[in-house]
Amino acid sequence: MAVLVNKDSKVIVQGFTGTEGTFHATQMIEYGTNVVGGVTPNKGGTTHLEKPVFNTVADAVKQTGANVSIIFVPPAFAADAIMEAADAGIALVVCITEGIPVSDMVKAKDYLKDTNTRLIGPNCPGVITAEECKVGIMPGFIFKKGRIGIVSKSGTLTYEAADQVAKAGLGISTAIGIGGDPIIGTTTKEAVELLMNDDETDAIVMIGEIGGGMEAEAARYVQSTGNKKPVVGFIAGQTAPPGRRMGHAGAIVGGADDTAAAKMKIMAECGIHVVASPADIGKTMAEAIADLK
Amino acid sequence: MNLHEYQAKELLKKYNVPVQEGIACNTPGEAEEAYRQIKTQYNSKFAVVKAQIHAGGRGKGSIVGKDQRGVAVAKSAEDVLEIAKNLLGGTLVTIQTGPAGKVVNKILVAQDVYYEGPNPVKEFYLSVLMDRAKGQNVIMYSTEGGMNIEDVAHDTPELIFKEWVHPGGPLQGFQARKIAFNLGLSGEAFKNCVKFVTNLYNAFVGLDCDMLEINPLFKTSDDKIIAVDCKMNVDENALMRHPDVAALRDISEEDPTEVEAGKFNLNFVKLDGNVGCMVNGAGLAMATMDMIKLSGGEPANFLDVGGTANATTVEAGFRIIMKDPKVKAILINIFGGIVRCDRVAQGVIDAYQSIGNIEIPIIVRLQGTNADVAKKLIDESGLKVQSAILLSEAAALVNKAVA
């Protein structure tokens, strides 16, 4: 089944009729994702890309039975869109929007605690189960079907990893872009755990960045499973100066514990195959898998 | 976005947070006038003159070529004039500015808070920030004020207290009282402290701060609680709802090349190395910097061109990177997804021809959609551009370029 999304996922697009929403909804439909409609307030009752448009997420759920939502709403309104999706009972919300105020995300994440909704992102490329379902903005063709899972804070690094994995003769089960903001819905550990318990995933690529403590937490979890599946890890930002934000809002070295070196050390101690160069992800994964056989 | 002390204090006053009062000045003349005003208005025996720069350690830092600290006490109008002349236009070097220092364009002439009174004065530390792991704001405070808080945390962690605040709500009354008790306050000072932290937390939330640090938090001899210094950093993502705060941005404090890059929507951070890079995506940009280092070079910058790498953005990127004479080579690393590599390649060729004479080697690594068409375009362009498809090939080319 891979994880999070599959051919049975019924997907709605929040911010459906906007430029971004329209472009990526088209791409998702072309990929084969079952997009059942979209939400744009005050455009309910119309159709867009031959799919129904609803005023609210609740209406969309009622009419289409949607269980996954992808959000392309502008930053000022995105946290509200996340809470609306959760309130309507959507099981998986993927928020692509970059630039949401941190205080908005703190409130949205707190709101989700009392619901059964899982949030991926924000500021992420989304989730893809190879050759089955794409709920995101990634170029689908890079993700050849296979049995390697990817968890990554970065978009283009996810593509880089997927491409290297494919060139190494392997393929992808599900790739989860968790996002580069300081407050995100699903942590590295939670995403790794999903793949660790997935029958269709044999090994995991885990890509982190400077800032925060999520990779260390994930590494300790991997160790606690007795390193059930091989994990190849990379941390971007080994050369980043302290105290500077490197593009992603969450990518900033605050103290000794959130440097790339500190994270790589903990990951190596926990039995993760840590690569220093991003060019070695595919090669190292091929070796780790070979050891398995 | 960082704010100056005088700006942060003005914002705090709007939230009824008491501060050490002062007047921001641009010239020695203004400073002299401010000194007179401070003396009469607050009955101060002397005034404190503080350089306004975006860096800490001002009190211990000094002005290049002069025997002048970044924070100084002035006991007369002559003192103020002299200090102001030394500070304004001078370059202040502190442990946080690095050896290059920062030019002082503004000074704050502030009241004396150490005036005599019935009770002893005390200095505390208090800051508010977001705890990423808990997803909650946390108030961190200590009885050890005026010192470097990292040292306190390291040497005497038992003297640092933390109070987490539930998202969406205010600081509760019992929490504010707990803070005042833990700081050892009683009577009027206790009541004033409860008001201070309650209002300060409202300011943190109301202004969408990333970080708000009061060091020292000060108890005067007549039991007032005031902010003597204030560091405030506001969430840039939230500036859209605070146009008044956004207007306080001081671009003279920022690297000019970073400011220029911002005009082209390029996310640029200046570094110190010899290999420039231009990449799409923040994570891949950091990873590319790391790869430059592993290939024997040193990254000269971080540059994320985002999802639209076209001729205009590439040309702007080239020009910004080449302003640094230390740059020996430039690596362009684009993973084309939605953006087609052949379009990016054409952008590189157009930008190259528009600039004309580029003396340093350019290495272009294009992977993803139409990567092979792109490589052919570059290879047949006749320009001094080396192309690669695999990241490992790009690394080898960087290695050759810096050797």
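Residues numbered from 1 in each chain as written. Chains lettered and ligands numbered in written order. Predicted model: local features only at pLDDT ≥ 70, side-chain atom pairs only at ≥ 80, totals over all residues. Heavy atoms only, no water.

Secondary structure assignment for chain B yields 13 helices and 20 strands. Overall, the C-alpha framework of chain B stretches about 85 × 50 × 40 Å when taken along its three principal axes. A sequence separation of at least 24 residues applies to 67% of the contacts in chain B between residues at least 6 apart. As displayed, chain B has an accessible area near 17400 Å², and 52% of this comes from carbon and sulfur atoms. Charged side chains of chain B number 42 positive and 49 negative; the gap between the two group centres comes to 1 Å. (Helix = DSSP H or I, 4+ residues; strand = E, 2+ residues; numbered from the N terminus. Contact = heavy atoms within 4.5 Å. Areas by Shrake-Rupley, 256 points an atom, 1.4 Å probe, with all protein chains shown as cover. Lys, Arg positive; Asp, Glu negative; His and termini not counted. Charge placed at Lys NZ, Arg CZ, Asp CG, Glu CD.)

Bringing the overall build of chain A into the picture now. In terms of regular secondary structure, chain A is built from nine helices and 14 strands. Computed over its C-alpha atoms, the radius of gyration of chain A comes to 18 Å, within 12% of the 19 Å expected for a compact globule of 293 residues. By principal-axis analysis of the C-alpha atoms, chain A measures approximately 55 × 40 × 30 Å. Taken over 293 residues, chain A has a buried fraction of 61%. Nonlocal contacts in chain A, meaning residues at least 24 apart in sequence, comprise 73% of its contacts between residues at least 6 apart. Total accessible area on chain A stands at roughly 10500 Å², and carbon and sulfur atoms take up 51% of it. Considering chain A, the positive charge centre built from 25 side chains and the negative charge centre built from 32 side chains are found 1 Å apart. (Rg over C-alpha atoms; globule rule 2.2 N^0.38 Å. Buried < 20%, exposed > 50% of the residue type's maximum accessible area, 1.4 Å probe, protein only.)

Ile 70, Val 94, Phe 143, Ile 172, Val 205 and Met 246 of chain A are the most contacted members of the largest nonpolar core, which has 98 residues in total. With eight residues, the top contributor of residues to this core is helix H9 (residues 282-294) of chain B. When near neighbours in sequence (up to four residues on either side) are disregarded, Val 94 of chain A contacts Ser 69, Ile 70, Ile 71, Ile 120, Cys 124, Gly 126, Val 127 and Val 135 of chain A. Membership of the second largest hydrophobic core comes to 41 residues, among which are Leu 3, Phe 124, Ala 176 and Ile 179 of chain B. (Core = buried A, V, L, I, M, F, W, Y, C linked by side-chain atoms within 4.5 Å.)

Evaluated as defined, the whole model comprises 37 salt bridges over all chains. The closest approach of N and O atoms between Glu 193 of chain A and Lys 189 of chain A, which form a salt bridge, is 3.2 Å. Linking Glu 193 of chain A with Lys 189 of chain A, this pair stays in helix H6 (residues 188-196), spanning four residues, or about one helical turn. On the accessibility criterion, Glu 193 of chain A (27% relative accessible area) is partly exposed. It is possible to trace a salt-bridge network through shared partners that takes in Glu 5, Lys 9, Lys 50, Arg 58 and Asp 229 of chain B. (Salt bridge = Lys/Arg side-chain N within 4 Å of Asp/Glu carboxyl O.)

Residue and element names in this part refer to chain B. Along helix H5 (residues 173-182), the positions that sit buried rather than exposed are Gln 175, Ala 176, Ile 179 and Ala 180. What you see down the axis of H5 is that its buried residues fit within an arc of 135 degrees, all on one side. On its buried side, H5 packs onto strand E9 (122-131), strand E10 (136-142), strand E11 (160-165) and helix H6 (187-206). With its phi angle positive at about 80 degrees, Gly 184 sits one or two positions after the end of H5. (Arc of directions from axis to C-beta.)

A few words on the pairing of strand E3 (residues 47-51) of chain B. All names here are of chain B. With five of five residues buried, E3 is to be regarded as a mostly interior element. Of the two faces of E3, both are covered, the one formed by Ala 47, Val 49 and Ala 51 as well as the one formed by Val 48 and Lys 50. As judged from the four bridges shared by E3 and strand E5 (residues 71-74), these two strands associate in the antiparallel manner. Across the sheet, residue Ala 47 finds its bridge partner in E5, namely Ala 74. Taken together, the five bridges between E3 and strand E8 (residues 107-111) define a ladder with antiparallel strand orientation. Counted as the bridge partner of Val 48 is Ala 110 from E8. (Pairing = 2+ DSSP bridges.)

Residue and element names in this part refer to chain B. Locating Gln 136 in the fold gives a position in strand E10. The spatial distance from the C-alpha of Gln 136 to the C-alpha of Val 165 is 6.3 Å, given a sequence separation of 29 residues. Not counting residues up to four positions away in its chain, the partners in contact with Gln 136 are Leu 129, Met 130, Asp 131, Trp 164, Val 165, His 166 and Pro 167.

What follows covers the confidence of the model for chain B. Summing up the model confidence of chain B, the mean pLDDT is 92 and the portion of residues at 70 or higher is 100%. If you check the scores for this complex, the pTM reads 0.91 and the ipTM reads 0.90. (pLDDT = per-residue confidence, 0-100.)

Our next topic: the interface of chain A and chain B. The interface is formed by 52 residues belonging to chain A together with 41 residues belonging to chain B. For the pair chain A and chain B, the summed buried surface comes to about 3500 Å²; carbon and sulfur atoms form 65% of the total. In terms of surface lost to chain B, no three residues of chain A exceed Thr 156, Thr 239 and Met 246 of chain A, which account for 16% of the buried area on that side. Seen at the junction of chain A and chain B, the total is 12 residue pairs in polar contact (both at pLDDT 80 or more). Examining the composition of the side of chain A that touches chain B, we find that seven residues originate from one element, helix H5 (residues 155-167) of chain A, more than from any other. In terms of residue class, the side of chain A that touches chain B is made up of 27 nonpolar, 16 polar and nine charged. (Buried area = accessible area lost by both parts, 1.4 Å probe. Polar contact = N/O pair within 3.5 Å; in protein donor to acceptor, adjacent residues only side chain to side chain. Nonpolar A, V, L, I, M, F, W, Y, C, P; charged D, E, K, R; others polar.)

Attention now goes to the sheet that holds E5 of chain B. Strand pairing in a sheet relies on backbone hydrogen bonds. The paired strands run either parallel or antiparallel. All names here are of chain B. If you trace the four strands from one edge of the open sheet to the other, you get E2-E8-E3-E5, paired in antiparallel fashion. Bordering the open sheet on either side are strand E2 (22-25) and E5, each of which pairs with just one other strand. The sheet shows a mean angle of 20 degrees between the axes of neighbouring strands, direction not considered. Where E2 meets E8, four bridges bridge the pair, whose relative direction is antiparallel. Counted as the bridge partner of Gly 22 is Ala 110 from E8. Those strands touched by helix H3 (residues 77-87) are E3, E5 and E8, and its axis lies near 160 degrees from that of E5. (Axes fitted to C-alpha atoms, helices over the stretch in contact; angles between N-to-C directions.)

This part takes up the packing of helix H3 (residues 75-87) of chain A against helix H4 (residues 102-112) of chain A. All names here are of chain A. For the pair H3 and H4, the least separation of the axes is 9 Å and the interaxial angle reads 5 degrees. Comparing the axis directions of H3 and H4 gives the class roughly parallel. Along its contact with H3, which presents Ala 76, Ala 79, Ile 82, Met 83, Ala 86 and Asp 87, the element H4 presents Asp 104, Met 105, Ala 108, Tyr 111 and Leu 112. Grouping the constituent residues of the contact of H3 with H4 by class yields nine nonpolar, no polar and two charged. (Parallel < 35°, antiparallel > 145°, perpendicular 65-115°, else oblique.)

Closest axis-to-axis distance for the H5 of chain A/H9 of chain B pair is 5 Å, and the angle between their directions is 65 degrees. The angle between H5 of chain A and H9 of chain B falls in the class roughly perpendicular. On H9 of chain B, the residues that touch Thr 156, Leu 157 and Glu 160 of chain A of H5 of chain A are Gly 283, Leu 284 and Ala 287 of chain B. Its residues assigned to classes, the contact of H5 of chain A with H9 of chain B comprises three nonpolar, two polar and one charged.

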